[in-house]
Amino acid sequence: MVIGIDLGGMSAKAAVMRNGVLEGKCSVATSAEDTPQETAAKLARLALDVAEKAGKKFEEIEAIGIGSPGAIDSSAGVVVSWTNFYWTNVELASLVSKFSGKRVCVLNDANAAALGEARYGAGAKYSDSVLVTLGTGVGGGIMIGGKLFEGYKSAGAEIGHMIIRQDGELCTCGRKGCFERYASAGALIRATQRAMSANPESGLWRFASALDAVNGRTAFLASAEGDCTAKKVIADYIAALGEGIVNLINVLRPQAIILGGGVANEGENLLAPLREFVRPRIYAADYAPIDIVRAVLGNDAGLYGAAVFAEERE
Ligand code: BGC
């Protein structure tokens, strides 16, 4: 029995996993203002709470797996760099281990989601798949031959930081034009807000009464009602997301691209136009066709994957 934790910029979620079933899900708010020590203490507390909620004795828990954003040294359990939280070389595994008394493993959050989907979700029928998470940032997880590919020193699969527009928008990583500046949920929100400011007559205002009420759904909702400004926001978003995905396909040629994160909840409203954008642009499209599908574990993918990672690392 292991605990999986999905650490994010707004919250950390956790669950006990036993024989592939998640139990006792809990979450706690996280903040960039907390020190790494404070965050680690919160995560250890969360592990205790989740075991209790699942009705398990904490002694029965063998290990804790944590999926964290950023470049992770997964063999040492160190968050090497997480720019959104300004973390550098945070020894997260040993800190959480100190507070909880358990063996702790850490891997990248999107890698965890890819592993979770591969073992228990949309990736189960493919040996080669790439999971793309569309949340605050854009994360990537690459499965090759049924195994998680983490790259040298587990720093790979940072797909959110491939450049899709030279000299484009400045990213938190310090470079300009990163994929995540255009394809994340945050990017979609910023684009929606810009469109609203420029078009006071747009129907978008019916779905968000103020700019700070905009979320990742606003433009999709207004677009479904036929609003032209919203349609343009969505078309631009899909074009940016599509360009990045075409690049991923041309380099890795997986059997499937699996989309996760909040924006993927749009389902076919996102996937159908995305497939239409991607298909004619991939190299030798007919020779090795690609499935573009939605993650099925939703917010739980990272929990499954973190737990699986802790289990498989024994
Ligand atoms: C980070 C990745 C992370 C992704 C999703 C990106 O900004 O660089 O490491 O996987 O966000 O959280």
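Residues numbered from 1 in each chain as written. Predicted model: local features only at pLDDT ≥ 70, side-chain atom pairs only at ≥ 80, totals over all residues. Heavy atoms only, no water.

(A) Structural view of the pattern of salt bridges. Applying the stated rule across the entire model yields 12 salt bridges. Among the ionic pairs, Glu23 bridges to Lys56, the shortest N-O distance being 3.3 Å. Residue Glu23 is found in strand S3 (residues 21–29), and its partner Lys56 is found in the loop between helix H1 (36–53) and strand S4 (63–68); the two are separated by 33 residues along the sequence. Note on Glu23: relative accessible area 24%, which makes it partly exposed. What makes Lys56 buried here is its relative accessible area of 15%. Among the ionic pairs, Glu268 bridges to Arg275, the shortest N-O distance being 2.9 Å. Ionic contacts of the salt-bridge type, sharing partners, join the residues Glu169, Arg181, Arg190 and Arg194 into one network. (Salt bridge = Lys/Arg side-chain N within 4 Å of Asp/Glu carboxyl O. Helix = DSSP H or I, 4+ residues; strand = E, 2+ residues; numbered from the N terminus. Buried < 20%, exposed > 50% of the residue type's maximum accessible area, 1.4 Å probe, protein only.)

(B) Examining the sheet that holds strand S1 (residues 2–7) more closely. Spatial ordering of the open sheet is given by S3-S2-S1-S4-S8, a layout of 5 strands whose pairing is mixed. Strands with a single pairing partner mark the edges of an open sheet, and in this sheet they are S3 and strand S8 (103–108). Taken pair by pair, the neighbouring strands of this sheet meet at an average axis angle of 20°, ignoring direction. Contacting S1, strand S2 (11–18), S4 and S8, helix H3 (residues 109–120) runs over the sheet at an angle of about 95° to S8. Strands in contact with helix H10 (residues 301–312) are S1, S2, S3, S4 and S8; relative to S1, the strand with the most contacts, it is inclined by about 130°. (Pairing = 2+ DSSP bridges. Axes fitted to C-alpha atoms, helices over the stretch in contact; angles between N-to-C directions. Contact = heavy atoms within 4.5 Å.)

(C) Just the nonpolar core, in detail. Of all hydrophobic cores here, the largest spans 44 residues; its most connected members are Val132, Leu134, Leu241, Ile257, Leu259, Leu270 and Val278. Considering every element that reaches this core, the biggest residue donor is helix H8 (residues 228–252), with 11 residues. Within the second largest apolar cluster, 32 residues are counted, among which are Ala14, Val16, Leu43 and Ala47. (Core = buried A, V, L, I, M, F, W, Y, C linked by side-chain atoms within 4.5 Å.)

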